[in-house]
Structures are given as structure tokens and as C-alpha cells.
Amino acid sequence: MPLLEVKNLRTYYITRAGPVRAVDGVSFFVEKGEVFGLAGESGCGKTTAGLSILRLLPRYGRIVGGEIIFDGVNILEVRESVFRRKYRWKRISMVFQGAMNALNPVFRVGEQIAEAIMLHENVSKEEAMKRVKALFEKVGIEPSRVDNYPHEFSGGMRQRAMIALALACNPELVIADEPTTALDVVIQGQILDLLRKLREELDLSVILITHDLSTIAELCNRVGIMYAGKLVECADVRSIFKDPLHPYTQGLINAIPSITGPKTRLRSIPGAPPDLLNPPRGCRFHPRCPYATEKCRREEPAYIEVRRGHWVACHMVA
């Protein structure tokens, strides 16, 4: 049984103009010890899917359908008080996008992490601070820096501190939302190496949310490609890069520059993702797809398994 199984998840943002269908019928699973990637352009619903798992949506966000099965339990049916005590941060945690703003600037970094430990476990502040120092050492920060404020950390150190915060209560699943955003290339590589090392050492399951397919190729076992609130393709990383089936996936891969191949102009995907207040009828990618037919404009494609472990929603493939 997978550690996490998301079934037909639908998460909408309720606005005066109507519901924004940010996640609209998404299904995927994450095995124990696996790194699963969620990739796609900005605004395709990746972060909303991650926040839905932790039930951390803003007040106008609503999970209107589907199931989220974690270790055999549908956590959408668990009372908020129980979920907060037994699941959120205790068994499932998150590295939020933008570590520059995720830490409270008026509290010491060590105190913020210790607070998370004391909220979920019956330990003293002294014991919690000992654990924070051990976490700092694990993520590559000098333990003596626990009394520093966030502004005294570099961007890379703040991201490492956020990873330490996510690991504070020894979770089984970590959701990493764009963990290398706003970091330079060298620091990005260090953060990815750290995530890989921690996954192996702690036998973590990780959901990596990113628009960077090179990061997916380096770190993930499987990847789901999201577009306009839907999962359009999902397979192991090798299959996705070697033989992408959905035109959107093909377009994303074609837009990756190569340092070894011939020098050619990158082929971008024309247009932009649709307005999810009023998504297009049929396949949501058809306004940008070079292969679109009348059937694509009229009928939504089924999300089917075309090869063992390789799922796709496209009339061309079906």
C-alpha cells in the first residue's frame, strides 16, 4: 500500500466571480521512501495540491471532492484538532516556497524550530533545543547559530533552516515546494544534494513541487505533469524524459536548453495557461496544442494507463 494516495482531488478557490478550479480531479500516489515530482508551469495547481494534503488552504480555499489516503486513513475525514496534533508536522511536513519570508524575523531561528517540536511532543525547551542543534548539524549549519535571527542567515542557510524545521518531528512525508527558488545555481545544487542525502538517511518520502524539469530529472523517481488543475501525464522519470506522450510534456522538455547538443533556438509553448474561472471545454491544453482536433475541443480526454505505470490524458495516445 502506498504511503500516500490522492484520489480525484478537487480543490477550488471560492471568489465573487465563481470557483477557481485550481485542482480539478487529480490522482497520484507516493510510495514509502520515494521522491515524487509535481511539475508544470506556474498557476497549474501544484502548490494548491501540496497545501491540500496538509489542509493549509487559505480561508477561501475549499476541498470540494476526492480523498487523501495517508497510511490507510482518509485524512480529509479526520477532525482538525486531531489532524493538527497527529498528522500536520508530526507525520507530514512542508518546506514552504520562499524561505526568505517563511521564518518570523523577530524570533531566533532555533526558537522557531524548538516551538514546533514542543507543540507536537511532550519535551522540555532544553531537550527541544538539543534536538534543534542536532538538526542544524544534519542540514549543514553550525549548531552555535541556533540563537541567530533570520536576517543573520544567508539565503541558502535560511533554506537549510526551513528543511530542519520540516524534519523537526521526524515526519514520514515532506512536501518541498520550490525549495531552490531565488537561490543561485551553486546553492541550488547544495540544497538538492542535501535533500537527496536526507531522503536516503531518514528513508523519507518526498513530494517535490517545481517547474524545473532538470531538478526533477536529478532527484525524483516518478513525476506527474500538471496543467490547468489536472494531471496530464505521470510515469517514472526515465519514461517521461525518454518518451513523453502528452504534447504539453513534450513542449516542456523541448524548452530545456542542452549544453551538449547542437545550438538551436529553444522551442517555447505558445500562449499561456487558461483562466481556471472559466477553463476551456474539452482538453484544457487544446488552445495551445499543435495537434488539437475537433475531438480535443469537444471532449475531455480520459486519464488512462497506456503502459505499465505510465498514465496520460490525451486523445492522441488513447
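Thresholds, definitions, all that
- Residues numbered from 1 in each chain as written.
- Predicted model: local features only at pLDDT ≥ 70, side-chain atom pairs only at ≥ 80, totals over all residues.
- Heavy atoms only, no water.
- Pairing = 2+ DSSP bridges.
- Helix = DSSP H or I, 4+ residues; strand = E, 2+ residues; numbered from the N terminus.
- Contact = heavy atoms within 4.5 Å.
- Axes fitted to C-alpha atoms, helices over the stretch in contact; angles between N-to-C directions.
- Core = buried A, V, L, I, M, F, W, Y, C linked by side-chain atoms within 4.5 Å.
- Buried < 20%, exposed > 50% of the residue type's maximum accessible area, 1.4 Å probe, protein only.
- Salt bridge = Lys/Arg side-chain N within 4 Å of Asp/Glu carboxyl O.
- 1 Å grid on protein atoms, 1.4 Å probe; cavity = no way out; pocket = protein on both sides within 12 Å on 5 of 7 lines; lining within 4 Å.
- Points joined across faces, edges and corners; volume = space filled by probe spheres on them.
- Nonpolar A, V, L, I, M, F, W, Y, C, P; charged D, E, K, R; others polar.

K.L.:
Explain the sheet that holds strand β5 (residues 73–74) here, please?
P.N.:
Picture the strands of a sheet paired through backbone hydrogen bonds; they go either parallel or antiparallel. One open sheet holds the 4 strands; their spatial order is β2-β1-β4-β5, and the pairing between them is antiparallel. The open sheet is flanked by β2 (18–30) and β5, the only strands paired with a single partner. With 2 bridges joining them, strand β4 (residues 61–70) and β5 adopt antiparallel strand pairing. The residue of β5 that forms the bridge with Ile69 is Asn74. The sheet contacts of helix α1 (residues 46–54) involve β1 (4–15), β2 and β4, and relative to β1 the element is tilted by about 105°.

K.L.:
How should the nonpolar core be read in this particular structure?
P.N.:
If you look at soluble globular proteins, the nonpolar side chains tend to sit buried side by side. Ranked by size, the top nonpolar core spans 96 residues in total, and within it Leu4, Phe28 and Ile207 carry the most contacts. Ranked by the residues each element gives to this core, the list is headed by helix α6 (residues 155–166), at 7 residues. Contacts of Ile207, omitting those with residues within four sequence positions, involve Leu4, Phe28, Val30, Phe36, Leu38, Ile53, Leu173, Val174, Ile175 and Ala176.

K.L.:
For this particular structure, what's the right way to read the pattern of salt bridges?
P.N.:
Opposite charge on two side chains lets them pair, provided their charged atoms get close. For the structure on display, the rule yields 15 salt bridges. Its salt-bridge partner being Glu80, residue Arg84 comes within 3.7 Å of it at the nearest N-O pair. One end of the pair is Arg84 and the other is Glu80, both in helix α2 (residues 80–86) and 4 residues apart, which spans about a single turn. Take Glu80: its relative accessible area is 34%, and that puts it in the partly exposed class. For the salt bridge of Arg88 with Glu80, the shortest nitrogen-to-oxygen distance reads 3.0 Å. On the accessibility criterion, Arg88 (11% relative accessible area) is buried. Several salt bridges converge on common partners, so that one network encompasses Arg55, Glu80, Arg84 and Arg88.

K.L.:
Honestly, the sheet that holds strand β12 (residues 310–312) in this entry has me stumped. Any pointers?
P.N.:
In space, the 8 strands of this open sheet follow the order β6-β7-β8-β3-β9-β10-β12-β11, with mixed pairing throughout. Sheet topology places β6 (92–95) and β11 (304–307) at the edges, where each strand pairs with a single neighbour. Each strand axis lies, on average, 20° off the axis of its neighbour in the sheet, ignoring direction. The pairing of strand β7 (residues 173–177) with strand β8 (residues 205–210) spans 5 bridges and is classified as parallel.

K.L.:
Any chance you could explain empty space enclosed by the protein here in plain terms?
P.N.:
A water-sized probe, rolled over the atoms, reveals where empty space remains. Inspection of every chain in the model, using the stated rule, returns 2 cavities of 30 Å³ or more. The wall of the largest cavity is formed by 13 residues, among which Pro247, Cys283, Cys289, Cys296 and Cys314 lie closest to the centre. Within the lining of the largest cavity, the residues separate by chemical class into 10 nonpolar, 3 polar and no charged. A volume near 60 Å³ is recorded for the second largest cavity. Taken together, Val95, Ile163, Ala166, Leu167, Val174, Leu195, Leu198, Leu204 and Val206 make up the full set of residues lining the second largest cavity. Counting residues per element, the ones that place at least two in the lining of the second largest cavity are α6 and α7 (185–202).

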